[in-house]
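# Close look at the chain arrangement
Residues per chain, in single letters:
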Amino acid sequence: MVRFCQNLGYENEELLQKRVFDFSQNIQTFEQWKPFVEKLQAAGSMLLETGQKRKDGTILPVEVNVRLIFHLG
């Protein structure tokens, strides 16, 4: 979490108040998130190249490895 804060320019407390949409360059709403979730459910995992918005508005290129995890409880 410390590295994520450093890379994006946020303090830990600020970061905890944010949503995933606040950082995503490509996904700004839940409606835009749905096709991504559907692809992830079909594939089980995905490797994405995207960008995350820093506090100053610049874009940090990132590679994200996403894996679907089921919680049984």
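Report follows, based on the coordinates. (Residues numbered from 1 in each chain as written. Predicted model: local features only at pLDDT ≥ 70, side-chain atom pairs only at ≥ 80, totals over all residues. Heavy atoms only, no water.)

### Some details on the overall build of the protein chain
Helices and strands together make up the secondary structure of the protein chain, namely three helices and two strands. Shown N-terminal to C-terminal, the secondary structure of the protein chain runs as helices and strands in the order α-α-α-β-β. Its C-alpha atoms give the protein chain principal-axis dimensions of about 35 × 30 × 20 Å. Buried residues in the protein chain amount to 22% of all 73 residues. Look at the contacts in the protein chain between residues 6 or more apart in sequence, and 35% of them connect residues 24 or more apart. (Helix = DSSP H or I, 4+ residues; strand = E, 2+ residues; numbered from the N terminus. Buried < 20%, exposed > 50% of the residue type's maximum accessible area, 1.4 Å probe, protein only. Contact = heavy atoms within 4.5 Å.)

### Brief notes about the layout of surface pockets
Rolling a probe over the atoms, with the probe sized like a water molecule, indicates the empty space that remains. The computed volume of the largest pocket comes to approximately 290 Å³. Every residue lining the largest pocket is counted, 14 residues in all, and those nearest its centre are Ser-24, Ile-27, Trp-33, Leu-48 and Thr-50. Those elements giving two or more residues to the lining of the largest pocket turn out to be helix H3 (30-43), strand E1 (45-53) and strand E2 (59-67). Top element by residues in the lining of the largest pocket is E1. It accounts for five residues. (1 Å grid on protein atoms, 1.4 Å probe; cavity = no way out; pocket = protein on both sides within 12 Å on 5 of 7 lines; lining within 4 Å. Points joined across faces, edges and corners; volume = space filled by probe spheres on them.)

### Observations regarding the nonpolar core
The biggest cluster of nonpolar side chains holds seven residues, and these are Cys-5, Leu-8, Tyr-10, Leu-15, Phe-23, Leu-60 and Val-62. Secondary-structure elements contributing two or more residues to this core are helix H1 (2-8) and E2. By size, the runner-up hydrophobic cluster in this structure holds six residues, among which are Ile-27, Phe-36, Leu-40 and Val-66. (Core = buried A, V, L, I, M, F, W, Y, C linked by side-chain atoms within 4.5 Å.)

### Considerations on the pattern of salt bridges
All told, the structure shown has three salt bridges when counted by the stated rule. Linking Lys-55 and Glu-14 is a salt bridge whose minimum nitrogen-to-oxygen distance equals 2.6 Å. In this pair, Lys-55 is assigned in the loop between E1 and E2 and Glu-14 in helix H2 (residues 12-15), connecting sequence segments 41 residues apart. Judged by its relative accessible area of 46%, Lys-55 is partly exposed. Residue Glu-14 is classed as partly exposed on the basis of its relative accessible area, which comes to 27%. (Salt bridge = Lys/Arg side-chain N within 4 Å of Asp/Glu carboxyl O.)

### Examining the packing of aromatic side chains
On inspection of all chains with the given rule, the structure shows four aromatic pairs. Both rings, one in Phe-4 and one in Phe-23, keep their centres 5.6 Å apart while their planes meet at 75 degrees; by these two values the pair is edge-to-face. With Phe-4 in helix H1 and Phe-23 in the loop between H2 and H3, this pair connects stretches of sequence that are 19 residues apart. Residue classification places Phe-23 among the buried residues on the basis of a relative accessible area of 7%. Measuring from centroid to centroid gives 5.9 Å for Phe-21 and Trp-33, while their planes differ by 85 degrees, and the two rings are edge-to-face. (Phe/Tyr/Trp six-rings, centres within 6.5 Å; stacked < 30°, edge-to-face > 60°.)

What is shown is where atoms sit, not what they do.
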